[in-house]
Amino acid sequence: MITIIIASFFSAVCAALGLGGGTVLMLYFALLTDIPQQQAQGINLLLFLPVAALSLWFHTKNKLVAWKRILWVILCGLPGVLLGCWISNIMDVGWLRRAFGIFLLAMGVHELLGQKSPDKRTENESSRTEPGGSDDSSQNA
């Protein structure tokens, strides 16, 4: 029981930082439990919802959310969500685990060997408005 608490805590911290906290929890489920892949995904999503809501609140408070762009992200992401759910329900669990492992490996290699982008933090901080102003007025849509 203590290991699930620790894994959930570190997963939530990583998710709040935007570092893919679900990966931490999924690795825990895949390597240290006998929970089926689909059930692990469902548990991961349940943890993600409150973490995402709290993170969104803090990022909005700090004027780090480009609200004008979110509609497009949602509209473009929904078909991918539906396709992914459909595929995960028809795919054999063994293949689903392999596909997830290959995805994690590819992302890890990309992060280690990919080109580093310039730090956007100073650009974002300089584009913030004063309190009470529009949080999106200086960002391009």
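Predicted model, so just to flag it, every value in this text is computed and none were measured. (Residues numbered from 1 in each chain as written. Predicted model: local features only at pLDDT ≥ 70, side-chain atom pairs only at ≥ 80, totals over all residues. Heavy atoms only, no water.)

Explanation requested: the environment of Tyr-28 in the structure shown.
Relative to the assigned elements, Tyr-28 resides in helix α2 (residues 21–32). Here the alpha-carbon distance between Tyr-28 and Ser-8, two residues 20 residues apart in the chain, equals 9.1 Å. Dropping the residues within four chain positions of it, Tyr-28 is found in contact with Thr-3, Ile-4, Ala-7 and Thr-33. (Helix = DSSP H or I, 4+ residues; strand = E, 2+ residues; numbered from the N terminus. Contact = heavy atoms within 4.5 Å.)

Would you take a moment to explain the packing of α2 against helix α3 (residues 37–61) for this structure?
In helix packing, the relevant descriptors are the interaxial angle and the interaxial distance, both defined with respect to the helix axes. Look at α2 against α3: their axes get within 10 Å of each other, and the N-to-C directions meet at 145 degrees. The way α2 lies across α3 gives a crossing that is right-handed. Of the residues in α3, those in contact with Gly-22, Leu-25, Met-26 and Phe-29 of α2 are Gln-37, Ala-40, Gln-41, Ile-43, Asn-44 and Leu-47. (Axes fitted to C-alpha atoms, helices over the stretch in contact; angles between N-to-C directions. Left-handed = near helix turned anticlockwise from the far one by under 90°.)

Explain the environment of Thr-33 here, please?
Within the secondary structure, Thr-33 is located in the loop between α2 and α3. Relative accessible area serves as the criterion here: at 23%, Thr-33 is assigned to the partly exposed category. Polar side-chain contacts of Thr-33 include one of 2.6 Å to the backbone oxygen of Phe-29. Within the structure, Thr-33 has its side chain in polar contact with the backbone nitrogen of Ile-35 (distance 3.4 Å). (Buried < 20%, exposed > 50% of the residue type's maximum accessible area, 1.4 Å probe, protein only. Polar contact = N/O pair within 3.5 Å; in protein donor to acceptor, adjacent residues only side chain to side chain.)

Honestly, the side chain of Asn-44 in this entry has me stumped. Any pointers?
By the element assignment, Asn-44 lies in helix α3. Under the relative-accessibility criterion, Asn-44 is labelled buried at 14%. Once residues lying within four places of it in the same chain are set aside, the contact partners of Asn-44 are Gly-22, Leu-25 and Met-26.

Just checking my understanding: could you explain the nonpolar core for this structure?
Side chains of nonpolar character tend, in soluble globular proteins, to be buried together. In terms of nonpolar packing, the biggest core is built from 7 residues, these being Ala-7, Leu-25, Met-26, Tyr-28, Phe-29, Ile-35 and Ala-40. Counting residues per element, this core draws most heavily on α2, at 4 residues. Once you skip the residues sitting within four places of it in the chain, Ala-40 turns out to touch Met-26, Phe-29 and Ile-35. (Core = buried A, V, L, I, M, F, W, Y, C linked by side-chain atoms within 4.5 Å.)

Honestly, helix α5 (residues 93–113) in this entry has me stumped. Any pointers?
Every α-helix winds through 3.6 residues per turn, so residues three or four apart in the chain are directed the same way. Taking 1.5 Å per residue as the helical rise, α5 with its 21 residues ought to reach 30 Å, and the 30 Å between its terminal C-alpha atoms agrees with that figure. Two to three positions downstream of the cap, the backbone nitrogen of Gly-94 sits 3.1 Å from a side-chain oxygen, assigning the N-cap of α5 to Asp-92. (Expected span 1.5 Å × (residues − 1).)

Just checking my understanding: could you explain the confidence of the model for the protein for this structure?
For any part of a model where pLDDT is low, the fine detail of the predicted coordinates should not be relied upon. Looking at the protein, pLDDT values average 78 and 82% of them are 70 or higher. Mean pLDDT per element in the protein: helix α6 (residues 121–126) is the minimum at 51, and helix α4 (residues 67–90) is the maximum at 89. Here residues 129–141 scores under 50 on pLDDT; set against residues more than four positions off or in separate chains, the count is 18 contacts. (pLDDT = per-residue confidence, 0-100.)

What am I meant to see in the side chain of Ser-88 here?
Among the structural elements, Ser-88 can be located in helix α4. For Ser-88, a relative accessible area of 11% corresponds to the buried category. Those residues in contact with Ser-88 that lie beyond four places of it in its chain are Gln-38, Gln-41 and Leu-96.

Looking at this structure, how should I read a nonpolar patch on the surface?
Residues Met-1, Ile-2, Ile-5, Ile-6, Phe-9, Phe-10, Val-13, Leu-17 and Leu-19 make up a contiguous nonpolar surface patch of about 990 Å² in total accessible area. Relative to the helices and strands, Leu-17 resides in the loop between α1 (2–16) and α2. (Patch = residues over 30% accessible without salt bridge, like charges linked within 9 Å, V, L, I, M, F, W, Y side chains within 5 Å. Areas by Shrake-Rupley, 256 points an atom, 1.4 Å probe, with all protein chains shown as cover. Salt bridge = Lys/Arg side-chain N within 4 Å of Asp/Glu carboxyl O.)

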